[in-house]
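Chain residues, written in single-letter form:
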Number of protein chains: 2
Amino acid sequence: MTMSDQQYESGKPPAKLRDVAEMAGVSIATASKALNGRVHVHPATRDKVLRTAEKLSFAGKISSKHTGTVGLITSDLDGRFSIPILMGAEDAFGTGRVSVMLCDARGDSIREQYHLQALLEKNVDGLILVGSTTDPRKSLGHDLPVPVVYVYAPSEDPTDLSLVPDDRQAGAEAAVYLVRSGRSRIAHITGDVAYTAARDRAAGVEAALAEAKLPLAGGETLYGAWSESWGRTATERLINGGVDFDAILCGSDQIARGALEILREHQIAVPSQVAVMGLDNWHLFVEGGRPLLTSVDMNLEGLGRAAAQRLSEAIGGQVAQGIERMPCKLVVRESA
Amino acid sequence: MTMSDQQYESGKPPAKLRDVAEMAGVSIATASKALNGRVHVHPATRDKVLRTAEKLSFAGKISSKHTGTVGLITSDLDGRFSIPILMGAEDAFGTGRVSVMLCDARGDSIREQYHLQALLEKNVDGLILVGSTTDPRKSLGHDLPVPVVYVYAPSEDPTDLSLVPDDRQAGAEAAVYLVRSGRSRIAHITGDVAYTAARDRAAGVEAALAEAKLPLAGGETLYGAWSESWGRTATERLINGGVDFDAILCGSDQIARGALEILREHQIAVPSQVAVMGLDNWHLFVEGGRPLLTSVDMNLEGLGRAAAQRLSEAIGGQVAQGIERMPCKLVVRESA
């Protein structure tokens, strides 16, 4: 089968968001929020919208002309981002409707091209490209026979469609939560400044504090590494440097775990004396913290669901472009 | 294309292990060890064997009659096991020769059947089934048009081929290392007794201690949960119970991290007073330990490489059966 044989023949026209909203008896805004996995939708409403979308929209989009398979190419060696995104995408397509097939490119463009050709030869209906960081990546171009959605790492080409977590909002949300709970001397310890995610999260924190007319404790964001070890080192530095702080907002849960350890060693009570927050809400790290770590969930399954929705729309001819930033969600536990 | 069209036509006969050994100038035993990712092979020798195998064996096996794709169906929600196994398999097949396509069944047999059909419709050359635990699983049966290798979770059917980490050997290896480094009062804290892995690892520990004529400190294996929290609770219990111990062998790295924390709080020096070991060698947890955690690597990429080798042999007509246990490898850091 040649590449031209793989060109999409048009199936049934895709169901519009309006149809889903009407049939589910909700507003278009609510339907959109529910499908995007946003937070402020009642679970029962969300379920209703998702069920309706599944019946109406996706059944229409994934017509019999299609193979019911989507390729996901990832460069995420731990599976940290790609497995939840894969699961979210399959849930949105509807169980038993679409198989998402994951190939691992390991951040290597030659491997990526090889897997891309293998997936196209299998006549997948579309592609989801998942990066290992939120740093922009090269576009695959527009000569492919199937639509592509970039997830987590956005494409450098603004005419591609990319879905990324809103890291700036995540940082701001965490800072606002700390301010509202009465903290006024907030330090920010985060990962490597070379990562877009570190800078975006810090920008959100700094903007939220400026808005509240509060300075950053210690005077500046402490950039370092995405590790427990850096969380420990930086927290020691704050304490030994005599910095006056009543909260530490950490750029990742691993950094926050390091901060918790050092505060405990110095017999500084969390959260009564110092509140600690992580970002990511990675279950492996939030659940082992003492106390349990308050964090911000990056909503990776929501990213996957949105990717599936956009890919279905694109397969049906409704092609979108640009970068969509998906909101993240505060998860309050014990540490803040 | 119907299922019968997918039946394997025989390609070139596969290269035998003997050919690989001869061409690489090593013994058959060494070639086998190198291909299986075992430990006692010099890296240079291993590289030579792998390169030879790639040239000779796999190039022969994955003939032009095949599609150069292998399906991997996993139930591992974190990607913890499946991503390294996938990477090992691709490395063994040879970069640019085979795309391994992963589908996530989430431990659900209906999803598994759905993905299975989707992969068979894509004419994959073979299947790798990865479980989320080492507990035995139901066989897919023998009516499939392509060979199957079960990895991590063995098939209940002894006529299937299964590759699993040798958990018993891993436990024994860790215990022997502690005994040889002079420890004689070794406690064993491990996960949920319902898991085959917990019982196998404990059996290895207990057998090695019996061999050394040493009792288990505290009198019995402490089964609990695969968590940092259980590691902390059990270690507190040992200390508060007045148990005399100079080493804690933990059934997972997460449990070991909990043990390290509590020993530190009680100002018990590691490793000088008490040695601590983990099992798994999961980089996320060993690297954050204070001190860095000595552990036993489950050699997941080696499992993947062996799966690829066995699958290639089966595709070439050499079908094996039974459970092969792959050796695990001690990784010494600071904690023991």
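Rules used in this analysis
Residues numbered from 1 in each chain as written. Chains lettered and ligands numbered in written order. Predicted model: local features only at pLDDT ≥ 70, side-chain atom pairs only at ≥ 80, totals over all residues. Heavy atoms only, no water. Least-squares fit on C-alpha atoms with pLDDT ≥ 70 in both. Contact = heavy atoms within 4.5 Å. Buried < 20%, exposed > 50% of the residue type's maximum accessible area, 1.4 Å probe, protein only. Helix = DSSP H or I, 4+ residues; strand = E, 2+ residues; numbered from the N terminus. Pairing = 2+ DSSP bridges. Domains from an automatic or database assignment. Buried area = accessible area lost by both parts, 1.4 Å probe. Salt bridge = Lys/Arg side-chain N within 4 Å of Asp/Glu carboxyl O. Polar contact = N/O pair within 3.5 Å; in protein donor to acceptor, adjacent residues only side chain to side chain. Nonpolar A, V, L, I, M, F, W, Y, C, P; charged D, E, K, R; others polar. Expected span 1.5 Å × (residues − 1). pLDDT = per-residue confidence, 0-100. Right-handed = clockwise from strand over helix to strand, strands pointing away. 1 Å grid on protein atoms, 1.4 Å probe; cavity = no way out; pocket = protein on both sides within 12 Å on 5 of 7 lines; lining within 4 Å. Points joined across faces, edges and corners; volume = space filled by probe spheres on them. Axes fitted to C-alpha atoms, helices over the stretch in contact; angles between N-to-C directions.

Visitor: Explain the relation of the copies chain B and chain A residue by residue, including any values.
Guide: For the pair chain B and chain A, the best superposition has an RMSD of 0.1 Å and corresponds to a rotation of 180° with a translation of 0.0 Å parallel to the axis. What the superposition gives is, in effect, a two-fold axis relating one chain to the other. With an isologous cut-off of 70% or more, the 98% of interface residues of chain B that recur at the interface of chain A puts this contact in the isologous class.

Visitor: Talk me through the pairing of strand 3 (residues 126-130) of chain B; I want residue IDs and the actual numbers.
Guide: All names here are of chain B. The buried count for strand 3 comes to five of five residues, which makes it a mostly enclosed element. Side chains of strand 3 alternate between two faces, with Gly-126, Ile-128 and Val-130 and Leu-127 and Leu-129 buried alike. Summarising the sheet, strand 1 (residues 69-74) and strand 3 pair through five bridges and their orientation is parallel. Its bridge partner lying in strand 3, Ile-73 is registered against Leu-129.

Visitor: Any details on the domain arrangement of chain A? Residues and values, ideally.
Guide: Residue and element names in this part refer to chain A. For chain A, the assigned domains read domain 1 (11-55), domain 2 (69-165 + 300-327) and domain 3 (167-297). Between domain 2 and domain 3, the contact holds eight residues from the first and ten residues from the second. Note on domain 2 versus domain 3: buried area summed over both sides is about 740 Å², and carbon and sulfur give 41% of it. Of all residues in domain 2, Arg-80, Thr-134 and Asp-135 bury the most surface against domain 3, accounting for 55% of the area lost on that side. Taken together, the connections running from domain 2 to domain 3 amount to zero salt bridges. One can count four residue pairs in polar contact (both at pLDDT 80 or more) joining domain 2 with domain 3. Residue composition of the side of domain 2 that touches domain 3, grouped by class: four nonpolar, two polar and two charged.

Visitor: Give a detailed account of helix 11 (residues 300-315) of chain A, specifying residues and quantitative values.
Guide: When the terminal C-alpha atoms of helix 11 of chain A are compared, their 22 Å separation across 16 residues agrees well with the 22 Å that a helix rising 1.5 Å per residue should span. With 15 of 16 residues buried, helix 11 of chain A is to be regarded as a mostly interior element.

Visitor: Go over the sheet that holds strand 7 (residues 222-223) of chain B with me, naming the residues and quoting the values.
Guide: Residue and element names in this part refer to chain B. Taken in spatial order, the four strands line up as 7-6-8-9 in an open sheet, and their pairing is parallel. Either end of the sheet is taken by a strand with one partner, and the two such strands are strand 7 and strand 9 (275-277). Summarising the sheet, strand 8 (residues 247-250) and strand 9 pair through three bridges and their orientation is parallel. Looking across to strand 9, one finds that Leu-249 is bridged to Met-277.

Visitor: Describe the interface of chain B and chain A, naming the residues involved and giving the relevant values.
Guide: Contact with chain B, which involves 46 residues of that partner, is made by 45 residues of chain A. Together chain B and chain A conceal approximately 3800 Å² of surface at their shared face, both sides included; 48% is due to carbon and sulfur atoms. Inspection of the region where chain B meets chain A yields 14 salt bridges. Among the salt bridges present, the one from Arg-264 of chain A reaches Glu-265 of chain B, with a minimum N-O distance of 2.7 Å. Inspection of the chain B/chain A interface yields 30 residue pairs in polar contact (both at pLDDT 80 or more).

Visitor: Can you tell me about the confidence of the model for chain A, naming the residues and giving the values?
Guide: All names here are of chain A. The share of residues in chain A with pLDDT of 70 or more is 87%, and the mean pLDDT across the chain is 88. Contacts of residues 1-15 to residues separated by more than four positions or lying in other chains number 28 contacts, the stretch itself having pLDDT below 50. For the stretch residues 57-64, pLDDT sits under 50, and the model shows 24 contacts to residues farther than four places along the chain or on other chains.

Visitor: Lay out the pairing of strand 6 (residues 186-190) of chain A in plain terms, naming residues and giving numbers.
Guide: Residues and elements named next belong to chain A. Burial runs high along strand 6: five of the five residues are buried. Neither face of strand 6 is open: one carries Ile-186, His-188 and Thr-190, the other Ala-187 and Ile-189, and all of them are buried. Summarising the sheet, strand 6 and strand 7 (residues 222-223) pair through two bridges and their orientation is parallel. Each residue of the ladder has a partner; that of Ile-189, found in strand 7, is Leu-222. On the question of chirality, the crossover connecting strand 6 to the parallel strand 7 by way of helix 7 (residues 196-211) is right-handed.

Visitor: If you had to explain empty space enclosed by the protein to someone new, which residues and values would you point to?
Guide: All names here are of chain A. Applying the stated criterion to the full structure yields four cavities of 30 Å³ or more. If you add up the space inside the largest cavity, you get close to 60 Å³. With four residues, the top contributor of residues to the lining of the largest cavity is helix 9 (residues 253-265). Classifying every residue of the lining of the largest cavity gives one nonpolar, two polar and six charged.

Visitor: Pulling in residues and values, what's your account of the side chain of Thr-134 of chain B?
Guide: Residue and element names in this part refer to chain B. Within the element layout of this structure, Thr-134 appears in the loop between strand 3 and strand 4 (148-151). Taking the relative accessible area as the measure of exposure, Thr-134 reaches 7% and is therefore buried. A polar atom in the side chain of Thr-134 sits 3.2 Å from the backbone nitrogen of Ala-197.

Visitor: Give me the environment of Gly-126 of chain A: which residues, what numbers.
Guide: Relative to the helices and strands, Gly-126 of chain A resides in strand 3 (residues 126-130). Sequence spacing of Gly-126 of chain A and Asp-160 of chain A is 34 residues, and the spatial spacing of their C-alpha atoms is 14 Å.

Visitor: Give a description of the environment of Gln-169 of chain B that names residues and reports values.
Guide: All names here are of chain B. Along the chain, the position of Gln-169 falls in helix 6 (residues 167-180). When the C-alpha atoms of Gln-169 and Gly-94 are compared, they prove to be 29 Å apart, with 75 residues separating the residues in sequence. Excluding residues that lie within four positions of it along the chain, Gln-169 makes contacts with Met-326, Pro-327 and Cys-328. A polar atom in the side chain of Gln-169 sits 2.7 Å from the backbone nitrogen of Cys-328.

Visitor: Any chance you could break down the sheet that holds strand 7 of chain A for me, citing the residues and the numbers?
Guide: All names here are of chain A. Taken in spatial order, the four strands of this open sheet run 7-6-8-9, and their pairing is parallel. Among the strands making up the open sheet, the edge pair consists of strand 7 and strand 9 (275-277). The strands touched by helix 7 within the sheet are strand 6, strand 7 and strand 8 (247-250), with strand 6 carrying the most contacts at an inclination of about 175°. Together, strand 6, strand 8 and strand 9 form the strand contacts of helix 9, whose direction differs from that of strand 8 by roughly 155°.

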